[in-house]
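This is what each chain is made of:
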Amino acid sequence: MDSDRRGQWLRGVLDLCLLALLANRESYGYELAQSLHGAGIGPIQGGTLYPVLMRLQKTGLVTARWHAGESGPARKYYRLTTAGADALRSTGSDWRRFSDQVNGLLTEVESR
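Residues numbered from 1 in each chain as written. Predicted model: local features only at pLDDT ≥ 70, side-chain atom pairs only at ≥ 80, totals over all residues. Heavy atoms only, no water.

A. Spotlight on the packing of aromatic side chains. Enumeration over the complete set of coordinates arrives at 2 aromatic pairs. Centroid distance Y28 to Y77: 5.3 Å. Interplanar angle 65 degrees. Geometry classified as edge-to-face. Pair noted here: Y28 is in strand β1 (residues 27-28) and Y77 is in strand β3 (residues 75-80), with a separation of 49 residues, a long-range link. Take Y28: its relative accessible area is 14%, and that puts it in the buried class. Y77 sits in the buried class, given a relative accessible area of 16%. (Phe/Tyr/Trp six-rings, centres within 6.5 Å; stacked < 30°, edge-to-face > 60°. Helix = DSSP H or I, 4+ residues; strand = E, 2+ residues; numbered from the N terminus. Buried < 20%, exposed > 50% of the residue type's maximum accessible area, 1.4 Å probe, protein only.)

Shown next, in the form of structure tokens:
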């Protein structure tokens, strides 16, 4: 896949992906990046990930707290707020509708 195109797509949905991951449990940045990679989204650099997490925090969709590490430095854990869960449901619904429409167009072309 073209990395520029992938980057453009990712910028549009990274916040939604992070909210979805945080709906399951609180997590810290590196763990979120690993989960995204494991889900097939691809490698996410800290310079991409942390500004999105900060924006989600500033808009009240996630909260953050520092937790002392047992064998290393403290980690900042992120947790979905009630507003974040509401945004996830709404935006998730919008995304599914949009992606269904794009898939419909692609399916139409592929069936010719």
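Once the structure has been displayed, the description carries forward.
B. Seen up close, the sheet that holds strand β2 (residues 62-67). Taken together, the 3 strands give an open sheet; going across it, the order is β1-β3-β2, and neighbouring strands pair in antiparallel fashion. At either margin of the open sheet sits one strand with a lone partner, and together these are β1 and β2. With 6 bridges joining them, β2 and β3 adopt antiparallel strand pairing. Residue pairing for β3: T63 is matched across the bridge by R79. Sheet contacts for helix α1 (residues 3-24): β1, β2 and β3; angle to β3, the most-contacted strand, approximately 90 degrees. Contacts from helix α3 (residues 46-58) reach β2 and β3 within the one sheet, and its direction differs from that of β3 by about 50 degrees. (Pairing = 2+ DSSP bridges. Contact = heavy atoms within 4.5 Å. Axes fitted to C-alpha atoms, helices over the stretch in contact; angles between N-to-C directions.)

C. The arrangement of α3 in detail. Counted at 1.5 Å a residue, the expected span for α3 with its 13 residues is 18 Å, and the 18 Å between its end C-alpha atoms agrees. Every buried residue of α3 is listed here: L49, V52, L53 and L56. For α3, the arc enclosing every buried residue in end-on projection is 100 degrees, short of the 170-degree limit, so these residues lie on one face. Exposed side chains of α3 directed beyond 90 degrees from the buried face belong to G47 and K58. (Expected span 1.5 Å × (residues − 1). Arc of directions from axis to C-beta.)

D. Representation of helix α2 (residues 29-38) in the model. Looking only at α2, the buried set comprises G29, L32, A33 and L36. Looking straight down α2, one finds its buried side chains confined to an arc of 100 degrees; they lie on one side. For α2, the exposed residues lying more than 90 degrees away from the buried face are Y30 and G38. Of the surrounding elements, those touching the buried residues of α2 are α1, β1, α3 and β3. Downstream of α2 by one or two residues, G40 has phi in the positive range, about 90 degrees.

E. Representation of the environment of R11 within the structure. Tracing the backbone through its elements, the reader meets R11 in helix α1. Between the C-alpha atom of R11 and that of Q101, which follows or precedes it by 90 residues, the distance is 20 Å.

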